[in-house]
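# Observations on the three-dimensional arrangement
Below, each chain spelled out in residue letters.
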Amino acid sequence: MEKKFFEKTLEDYKDQVWGCARCNWCQNHWGWNVKSAEYSEICPAFGEFRFFAYSGMGKMHIARALLEGDFDYEDAPELAEIAYLCTTCGACEINCQRLQDKEPLKVTECLRAKLVEDGIGPMPAHKGLINSIKQYDNPWMQPRAKKASWAKKIKLKDASTEEVETLYFVGCTAALDLSLREVPQNTAQIMLKAGVDLGIFGNQEICCGSPVARIGDRKTFVDLANRNLELFNKRGIKEIVTSCAGCYRVLKFDYPEVPGTSKIEYKVYHTVEYLDHLIKQGKLVFTKEIPLVLTWHDPCHLGRHCGIYEQPRNVLSSIPGIKLVEMERIKDQAWCCGGGGGVRTAFIEFAVETAKKRIGEAMKTGAEGIVTCCPFCEQNMSDALAQMNNPLKLYDITELVMRAI
Amino acid sequence: MEAKKKVEPQYLPPEVYLSLEDIVGKEYITQERAILETYSKFSIDITGYLKKHAKDPSNIPACVVLPSTTEEVQAIVRLANKHKIPFVPFTNGQLGIANYPTKPVPTIFIHFSRMNKILEINTKTMAAKIQPYVDYGQLQADAMKVGLWNGGTPLSTSLCKISSQTALAGLYQTSMKYGTLGKNIISLKMVLPDGEILKTGSSSVDSVDDFWEYAPGPDIYGLFRGCAGTLGIITELTTKLHPWAGEKELPEPPAGRPSIRTYREDKYDHAPPPKLHRLYWVEYNDIDSEIKALREVAHSGIGIGLNAAGIYNTYYCSTTQEQTIKRTKENFFPPYNFYVICTGITSHKQLDYADKVINKIIKETGGTLLSKDHKPEVLKVLATWNLDCIRHVCGYRMSRYSYLDTWFLSGVPAVGKDAQEIWSEAINTIGETYITDRGGVDTTPFLYASDPCGRNFFTEADVYPNPIDPKSLQQAQQLMMFSIGKTIGKKIGPGITAFGASFEPLTSFFPEMGPNVHLFMRKLRKVFDPNGVCSPGRQIFTKEELQAVPPPVIEAINQLRQMNGLDPIDVSKSQ
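Quantities reported herein were computed from a predicted structural model and do not represent experimental measurements.

### A few points about the overall build of chain A
Tallying secondary structure elements over chain A gives 18 helices and nine strands in all. Taking 2.2 N^0.38 as the reference for a compact globule, 405 residues should give roughly 22 Å; the C-alpha atoms of chain A span a radius of gyration of 21 Å, in line with that estimate. On the principal axes, the C-alpha backbone points of chain A span a range of 65 × 50 × 35 Å. By the burial criterion, 68% of the 405 residues in chain A qualify as buried. Just so you have it, chain A exposes about 13700 Å², and 49% of that area is on carbon and sulfur atoms. For chain A, the distance from the average site of its 51 positive side-chain charges to the average site of its 53 negative ones is 4 Å.

Structure representation (structure tokens):
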């Protein structure tokens, strides 16, 4: 029986790392879709640091050398930094798979897992995040009691005690970051207005494990996954909707890869997917016009990782008055915001610089605002806009939906 | 558990490293072992793989520097000369022999990843001035916006930086109309191996524009075409552009975009051809008819790309290794087939004329056009890669072992038959390394028309050994060397030399390739590179370097030569 991903090691990718053909598509925008030289690169880390090691190909070669014992950790003092200066955006992987059938992102994640196992990783800044998850069940050092404070004024079922058709798995960032508080509030109110039988776990919602999965702390991730799965099963959860691209990927695709996990019993949707369904079913009707020219930023963990490209565009196109203009790098070839893979935690400057590049690309469309639906993207791009003193507005898609209904 | 043997590079003297830091800044130089590793490897070069297995440190550079200007490159080169330290200029890519140091001494790796700008696209002179890290995809994207393109594109475009292609003669599959890249270069700015800066072309004359490849005196550019970095480093070049009839942006597959989880669904690969482009796939019953048709199409003057693909398609168009094997075994693709890419250039009438000509040739030569009525399922699959030549996507979906080593022949199409025989003999003597070894030349020659009117074609045969298995790699190496020896014995190649590039050790160990390489290049190296520091051991060994080759290697080569009916070489008598 094939191993699940979270029990695989670099050794399982030996064929791949020896077989990397060095074609460099892990660094470049897929050829058919290149629209200009300026926006032809796709790997944020290579884009910033310019040495091959920071690209997907670089990780493949480093992994090969480590597997063969060509060097040790003491020979390569910057190794951990190289491994963690990757947003896990998956751009390398999608291009590599289309050409070479290899998986540089999975190799990078296994490399990180090895570094954690050997005590070399994660980065010091990640340790606070891990401790917070262990102590508070969220990465933000916030007491559990605050997890549902966003919902004080909204009447929602408690899914831990009541039967609900749909569980709203808010996600730690949207639930605890005060600047993002409107995201869960809008989401819940929209759902209720559309007649969805919605409930939350409230203070009992625990971290999905996405941050620790991406930085290679598999032990903590597997523990969180099992606790969540146990809770979902215990409460008979059949349908989950989440605001977070990271949670979505983990709940949908990573939990089935946890050793010992059998078939996942629930269906999971990201908010934008769910909104798209509601609009198509006629349960969400827009009555107000929003006269804005907007561009859509595809969050990596939602788009490239999970294939959700059209739904948010459908939602935006359904809102009267909104004109959607596209950036050059979109969908599977979208430029990452820079916030993922633990980068924002450990390398804030690189994260924000990457977001600035995305904002520059958005500005070229002539849009008045940039819309997305991932709390990490929003945090990171918000910082970038502030540093740039840029007037471009940043919207979560639920804000626009809320205004239009 | 027994500790594995480490591979330890030789580092630069600290004072040299510090001087390099002063030139490019601390941020853009490194001797971090993990980073050096990513500049140490190989791709299509079997020797490089074998060195990895042998834990040979000689292909790991001492440091990597990222210059941003010609002046910084000049300063690096001057420093290297001062300390007599070898340096290797590099953009990116696969061609093993140019990828890593070949001498077991500390070597500076000059990587051009920061010199990645298109400096100018001039619509009046129809030319683009670019830095060395610009690739075909980038240039095509910007040029299309103003109704131009570079006129030809290799299949692996992000891999191929235009400067590197210039240094290697510039072969690609869509060069029938405008010729290879080497014929399209207007000017170069070079840093010579001793640090002097040299310009070629009309703009080398003060106050003259950059519009023509010639300047007073001999054709200096001709020296650098195909020099593979041996005679200097290209830091800027101007290349011709040609009319582009398609849209400002390339069409997307109607099915949309894949995710990491759906990339194998072939619907994402089926984009329509750009406006005023047309593509034909033609099947033949036998190789003679196919070659006759190839010649006729080439002579007709229509089409920009003409390529006999054979069952190479099995892996160009398959999405997994398993699918490649299955299709090969089932003969899914016709063994004798070729494609023609036509670009209308300016009008539908022109395209219609091309259509008539191609159909007439197909009829006269007994071919069958793949269409909705004839093998539509094959035509659909083939569409995944043939248009890549004009869409600047990497055409090879090599869903299998790494792509190792290639050999080339050139000449009239009949060379394809010779190649077929030689390759078959090589595989039958030594044995195939992977099922598709037989795909390219044994069943049908893989031929590219590389010149208007079909004056020459080139062909290649690739091998796919398992890179983890040294025995498989050695077998592949024998296959390649056997075939090369045989080819030279038959006086028909290897043709890449005919395009202006050749590499060690072939150059020295097969002197039949021509005295020009040995005599002229060795003399040039003495003049251009008095300290012997620029890309040593790549394109040409000096007499001293040749004589330093270990005797067992010479012995093995001589055995190979004798197997192919060639006299042994005596390096002690080398000029």
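### Quick word on the nonpolar core
Counting 172 residues, the largest nonpolar core has Trp150(A), Phe221(A), Phe232(A), Tyr255(A), Leu400(A), Leu20(B) and Ile108(B) as the members making the most contacts within it. Ile46(B), Val441(B), Ala476(B) and Val571(B) belong to the second-largest nonpolar core, a separate cluster that totals 33 residues.

### Remarks on the side chain of Thr242(A)
With respect to the secondary-structure elements, Thr242(A) resides in strand β4 (residues 239-242). A polar contact of 2.7 Å, which involves the side chain of Thr242(A), links it to the backbone oxygen of Phe169(A).

### Observations concerning the pairing of strand β9 (residues 393-396) of chain A
Residue and element names in this part refer to chain A. As paired strands, strand β8 (residues 369-372) and β9 are joined by four bridges and run parallel to one another. Its bridge partner lying in β9, Thr-372 is registered against Asp-396. What joins β8 to β9 is helix α17 (residues 375-388), and the crossover it makes is right-handed.

### Description of the domain arrangement of chain A
By a frequent convention, interface size equals the accessible area lost on bringing the separate parts together. Residues and elements named next belong to chain A. On domain assignment, one finds that chain A holds domain 1 (5-117), domain 2 (132-276) and domain 3 (285-404). Computed over C-alpha atoms only, the centres of domain 1 and domain 2 are separated by 30 Å. Buried area between domain 1 and domain 2, summed over both chains or domains, comes out near 1100 Å², and the portion from carbon and sulfur atoms is 53%. Between Glu-109 and Arg-214 there is a salt bridge, with its nearest N and O atoms 2.7 Å apart.

### Describing the interface of chain A and chain B
Taken together, the contacts link 71 residues of chain A with 77 residues of chain B. Note on chain A versus chain B: buried area summed over both sides is about 5800 Å², and carbon and sulfur give 54% of it. Contact with chain B buries area across many residues of chain A, yet Trp18(A), Trp32(A) and Phe51(A) alone supply 16% of it, more than any other trio. For the pair chain A and chain B, the number of links is eight salt bridges. Here Lys6(B) makes a salt bridge to Asp72(A), at a shortest N to O gap of 3.5 Å. Here chain A is connected to chain B by 23 residue pairs in polar contact (both at pLDDT 80 or more). By residue class, the composition of the side of chain A that touches chain B is 31 nonpolar, 18 polar and 22 charged.

### Points about a nonpolar patch on the surface
Residue and element names in this part refer to chain B. On the surface, a cluster of nonpolar side chains totalling about 450 Å² of accessible area is made up of Val-205, Val-208, Phe-211, Trp-212 and Tyr-214. With respect to the helices and strands, Trp-212 occurs in the loop between β9 (197-199) and α7 (220-224). Note on Trp-212: relative accessible area 45%, which makes it partly exposed.

### Some words on the sheet that holds β8(A)
Residues and elements named next belong to chain A. Across the sheet, which stays open at both edges, the four strands sit in the order β7-β6-β8-β9 with parallel pairing between neighbours. Both edges of this open sheet fall to β7 (323-324) and β9, since each of them pairs with a single strand only. Strand direction decides the pairing type here: strand β6 (residues 293-296) and β8, joined by three bridges, are parallel. Within the sheet, the bridge partner assigned to Trp-296 lies in β8 and is Val-371.

### Quick notes on the sheet that holds strand β3 (residues 198-200) of chain A
All names here are of chain A. If you walk across this open sheet you meet the five strands as β1-β3-β2-β4-β5, and the pairing is parallel. What marks the edges here is a single partner per strand, and that holds for β1 (157-158) and β5 (267-270). Bridging between strand β2 (residues 166-169) and β3 involves two bridges; their strand directions are parallel. Paired with Leu-167 across the two strands is Gly-199, which belongs to β3. Lying over the sheet, helix α9 (residues 182-193) contacts β2, β3 and β4, oriented at roughly 165° with respect to β2. Contacts from helix α12 (residues 245-254) reach β2, β4 and β5, with the element oriented near 160° to β5.

### A look at the environment of Glu163(A)
Residues and elements named next belong to chain A. Mapping Glu-163 onto the fold places it in the loop between β1 and β2. For Glu-163, a relative accessible area of 60% translates into the label exposed. Excluding its chain neighbours within four sequence positions, the residues that come into contact with Glu-163 are Lys-157, Asp-197 and Arg-235.

### Brief notes about the packing of aromatic side chains
Under the counting rule described, the total for this entry stands at 25 aromatic pairs over all chains. Relative to Phe90(B), the ring of Phe52(A) has its centre 6.1 Å away and its plane inclined at 85°; by these criteria the two rings are edge-to-face. Here Phe52(A) is found in the loop between α2 (44-49) and α3 (56-67), whereas its partner Phe90(B) is found in strand β3 (residues 87-90) on a different chain. What makes Phe90(B) buried here is its relative accessible area of 5%. On the basis of an interplanar angle of 15° and a centroid distance of 5.7 Å, the ring pair of Tyr284(B) and Phe338(B) is categorised as stacked. Of the two residues, Tyr284(B) is situated in the loop between β12 (277-283) and α8 (287-300) and Phe338(B) in strand β14 (residues 337-343); the sequence distance between them amounts to 54 residues. One exposure class covers both Tyr284(B) and Phe338(B), and it is buried. Among the aromatic side chains, those forming a connected cluster through ring pairs are Phe46(A), Phe52(A), Tyr39(B), Phe90(B) and Phe109(B). Over the face of the ring belonging to Phe5(A) we find Arg218(A), whose NZ or CZ atom lies 5.1 Å from the ring centre. We note Lys161(B) situated over the ring of Tyr133(B); from NZ or CZ to the ring centre the distance is 4.0 Å.

### Some details on the pattern of salt bridges
For the structure on display, the rule yields 50 salt bridges over all chains. Among the ionic pairs, Asp12(A) bridges to Lys3(A), the shortest N-O distance being 3.1 Å. When its relative accessible area of 38% is taken as the criterion, Lys3(A) is described as partly exposed. Measuring nitrogen to oxygen at the nearest pair gives 2.8 Å for the salt bridge that ties Asp298(A) to Arg313(A). Here Arg313(A) lies in helix α14 (residues 310-318) and Asp298(A) lies in the loop between β6 and α14, a separation of 15 residues in the sequence. Grouping residues by exposure puts Asp298(A) and Arg313(A) together as buried. Overlapping salt bridges, with partners in common, bring together Arg64(A), Asp70(A), Arg33(B), Glu37(B), Lys52(B) and Lys55(B) in one network.

### A closer look at the side chain of Thr433(B)
All names here are of chain B. Mapped onto the elements, Thr-433 comes out in the loop between α14 (414-430) and β17 (447-449). From its side chain, Thr-433 meets the backbone nitrogen of Tyr-464 in a polar contact 3.4 Å long. Not counting residues up to four positions away in its chain, the partners in contact with Thr-433 are Val-463, Tyr-464, Pro-465, Ser-472, Gln-475, Ala-476 and Leu-479.

### Considering helix α10 (residues 321-329) of chain B
Residue and element names in this part refer to chain B. Within the span of α10, buried status applies to Gln-321, Thr-324, Arg-327 and Thr-328. Summarising the axial view, the buried residues of α10 lie within an arc of 130°, below the 170-degree limit, and thus occupy one face. Of the exposed residues in α10, the ones pointing more than 90 degrees away from its buried face are Glu-322 and Lys-329. Elements that come into contact with the buried residues of α10 comprise α9 (313-316) and α12 (376-382). In the stretch just after α10, Asn-331 is the one whose phi turns positive, near 50°.

About the criteria used
- Residues numbered from 1 in each chain as written.
- Chains lettered and ligands numbered in written order.
- Predicted model: local features only at pLDDT ≥ 70, side-chain atom pairs only at ≥ 80, totals over all residues.
- Heavy atoms only, no water.
- Helix = DSSP H or I, 4+ residues; strand = E, 2+ residues; numbered from the N terminus.
- Rg over C-alpha atoms; globule rule 2.2 N^0.38 Å.
- Buried < 20%, exposed > 50% of the residue type's maximum accessible area, 1.4 Å probe, protein only.
- Areas by Shrake-Rupley, 256 points an atom, 1.4 Å probe, with all protein chains shown as cover.
- Lys, Arg positive; Asp, Glu negative; His and termini not counted.
- Charge placed at Lys NZ, Arg CZ, Asp CG, Glu CD.
- Core = buried A, V, L, I, M, F, W, Y, C linked by side-chain atoms within 4.5 Å.
- Polar contact = N/O pair within 3.5 Å; in protein donor to acceptor, adjacent residues only side chain to side chain.
- Pairing = 2+ DSSP bridges.
- Right-handed = clockwise from strand over helix to strand, strands pointing away.
- Domains from an automatic or database assignment.
- Buried area = accessible area lost by both parts, 1.4 Å probe.
- Salt bridge = Lys/Arg side-chain N within 4 Å of Asp/Glu carboxyl O.
- Contact = heavy atoms within 4.5 Å.
- Nonpolar A, V, L, I, M, F, W, Y, C, P; charged D, E, K, R; others polar.
- Patch = residues over 30% accessible without salt bridge, like charges linked within 9 Å, V, L, I, M, F, W, Y side chains within 5 Å.
- Axes fitted to C-alpha atoms, helices over the stretch in contact; angles between N-to-C directions.
- Phe/Tyr/Trp six-rings, centres within 6.5 Å; stacked < 30°, edge-to-face > 60°.
- Lys NZ or Arg CZ within 6 Å of the ring centre and 35° of its normal.
- Arc of directions from axis to C-beta.

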